[in-house]
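Remarks on the overall topology
Residues per chain, in single letters:
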Amino acid sequence: MIDQAEILAQTEVYVKEKLSGEGSGHDWWHIVRVRQNAHTLCEHEPVDAFVVELAALLHDIADHKFHDGDTSIGPRLAREWLASLGVDEVTITHVCEIIAALSFKGSGVPTPMHTREGMVVQDADRLDAIGAIGIARTFAYGGHKNRVMYDPTIPAVAHDSFAAYQKSTAPTINHFYEKLLLLKERMNTPTARRMAEARHAFMEQFLTQFFAEWEGER
Ligand code: ADP
Ligand code: NI
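A short tour of the structure in this document, coming up. (Residues numbered from 1 in each chain as written. Chains lettered and ligands numbered in written order. Predicted model: local features only at pLDDT ≥ 70, side-chain atom pairs only at ≥ 80, totals over all residues. Heavy atoms only, no water.)

**Quick word on the coordination of the nickel ion (ligand 2)**
Rules: Counted as donors are the N, O and S atoms within 2.8 Å of the metal, or 3.2 Å for Na, K and Ca, while water is not among the atoms, so some sites may look incomplete. Under this scheme a four-donor centre is tetrahedral when all angles range from 85 to 135 degrees, a four-donor centre is square planar and a six-donor centre octahedral when opposite donors are above 155 degrees with the rest from 65 to 115, and any other centre is irregular. Under the DSSP-based scheme used, a helix requires at least four consecutive residues in state H or I and a strand at least two consecutive residues in state E, with every element numbered from the N terminus. Exposed residues in this analysis have more than 50% of their type's maximum accessible area, buried residues have under 20%, and partly exposed residues fall in between, with area computed by a 1.4 Å probe over protein chains only.
The nickel ion (ligand 2) binds to the protein through His30 (NE2), His59 (NE2), Asp60 (OD) and Asp125 (OD); the donor distances cover 2.1 to 2.3 Å. Taken together, the 4 donor atoms coordinating the nickel ion (ligand 2) span angles of 83 to 173° at the metal, a pattern that classifies the geometry as irregular. Counting the intervening residues between successive donors of the nickel ion (ligand 2) yields the motif H-x28-H-D-x64-D. Pair noted here: His30 is in helix H2 (residues 28-42) and His59 is in the loop between helix H3 (49-58) and helix H4 (73-84), with a separation of 29 residues, a long-range link. His59 shares its class with His30; the two are buried.

**Comments concerning the packing of H2 against helix H10 (residues 190-214)**
To be explicit about the condition: As a rule, the C-alpha atoms of each element are fitted with a line to give its axis, helices using only the stretch in contact, and angles between N-to-C directions run from 0 to 180 degrees. Note on angle classes: values under 35 degrees are labelled roughly parallel, values over 145 roughly antiparallel, values of 65 to 115 roughly perpendicular, and the remainder oblique. Any two residues whose heavy atoms approach within 4.5 Å are treated as being in contact.
Running from amino to carboxyl end, H2 crosses H10 at an angle of 130°, the nearest separation of the two axes being 9 Å. Considered as vectors, H2 and H10 are oriented oblique to each other. In this structure, H2 contributes Asn37, Thr40 and Leu41 to the contact, and H10 contributes Thr191, Ala192, Met195 and Arg199.

**Considerations on the site of ligand 1**
What counts here: Being near a molecule or strand, for a residue, comes down to having at least one heavy atom within 4 Å of it. Any pair of N or O atoms that falls within 3.5 Å is considered a polar contact. Within protein, one atom must be able to donate a hydrogen and the other to accept it, and sequence-neighbouring residues count only if both atoms are side-chain atoms. The accessible surface values rely on the Shrake-Rupley method and a 1.4 Å probe; as for residues, cover is taken only from the protein chains in view. Side-chain classes follow a simple rule in which Ala, Val, Leu, Ile, Met, Phe, Trp, Tyr, Cys and Pro form the nonpolar group, Asp, Glu, Lys and Arg form the charged group, and the remainder, Gly included, forms the polar group.
Lining the immediate surroundings of ligand 1 are 14 residues, of which His26, Lys65, Ser103, Asp125 and Thr138 lie closest. At 2.7 Å from an oxygen atom of ligand 1 is found a side-chain nitrogen or oxygen belonging to His26. A distance of 2.8 Å separates an oxygen atom of ligand 1 from a polar atom in the side chain of Lys179. Summarising the interface, the protein chains cover 94% of the accessible area of ligand 1, which totals 550 Å² for the free molecule. When residues of the shell around ligand 1 are assigned to their parent elements, the largest contribution, 3 residues, is made by helix H7 (residues 131-144). Partitioned by chemical class, the residues of the shell around ligand 1 number 4 nonpolar, 4 polar and 6 charged.

**Some remarks on helix H5 (residues 89-101)**
Note the threshold: A helix's residues, less one, multiplied by 1.5 Å, set its expected span.
Compared with an ideal rise of 1.5 Å per residue, which puts 13 residues at 18 Å, H5 spans 18 Å between its outermost C-alpha atoms and is within 8% of the ideal. Along H5, the positions that sit buried rather than exposed are Thr91, Ile92, His94, Val95, Cys96, Ile98 and Ile99. Buried positions along H5 lie against H3, H4 and helix H6 (116-127). Between the side-chain oxygen of the N-cap and the backbone nitrogen of Val90 there are 3.3 Å, and the N-cap of H5 in question is Asp88.

So this is what it looks like as structure tokens:
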């Protein structure tokens, strides 16, 4: 049975290999940032750091958006990987539950987390979806999916089901209103709420400037 440090080291190699060079903003460096955010949050939350690290590393191993909407594939791959390393069943189940529950599913769809470890990883992932990095990732994703940046004739939609949210092919700017600007209020931990403030304000400033330029202001 290998120890926790070795399990994390091997998982890092596995994830890095799978996600390197990914072009939609879900690449290896997203994982590194989420892990870093999680470390910061863990300083203020009593959590099992091993579970947090594993869930942060494995949370985007197979995203439903790139597998025909199949939300079970991520947790399944994570389970197979962790079982192959001999990780105990309780830890595997906990990590896979976090991965399954993590994603944003539309403005009207609650995405509750039942453990502190899950709350930390969800917040860490969502912090990387807002601010300057969030803006960059969102346009990277839009380009990857061939979306237009903005179309003033297509309004943003408040999705009340995951299916409707998944189906959307709206312009990239709409995603700010359909998800990114809503995340600040949906953070689980006080530290993430505080960290979200400046990132949120930066997105608002970006949008104000974007629309001013759109109208040809000098
Ligand atoms: P979650 O981590 O909640 O599952 P996603 O993986 O769906 O979130 O999204 C991560 C990031 O990918 C978003 O924050 C955004 O930058 C980008 N993204 C996802 N869906 C869209 C979209 N429809 N339009 C633009 N960007 C998107
Ligand atoms: Ni992620």
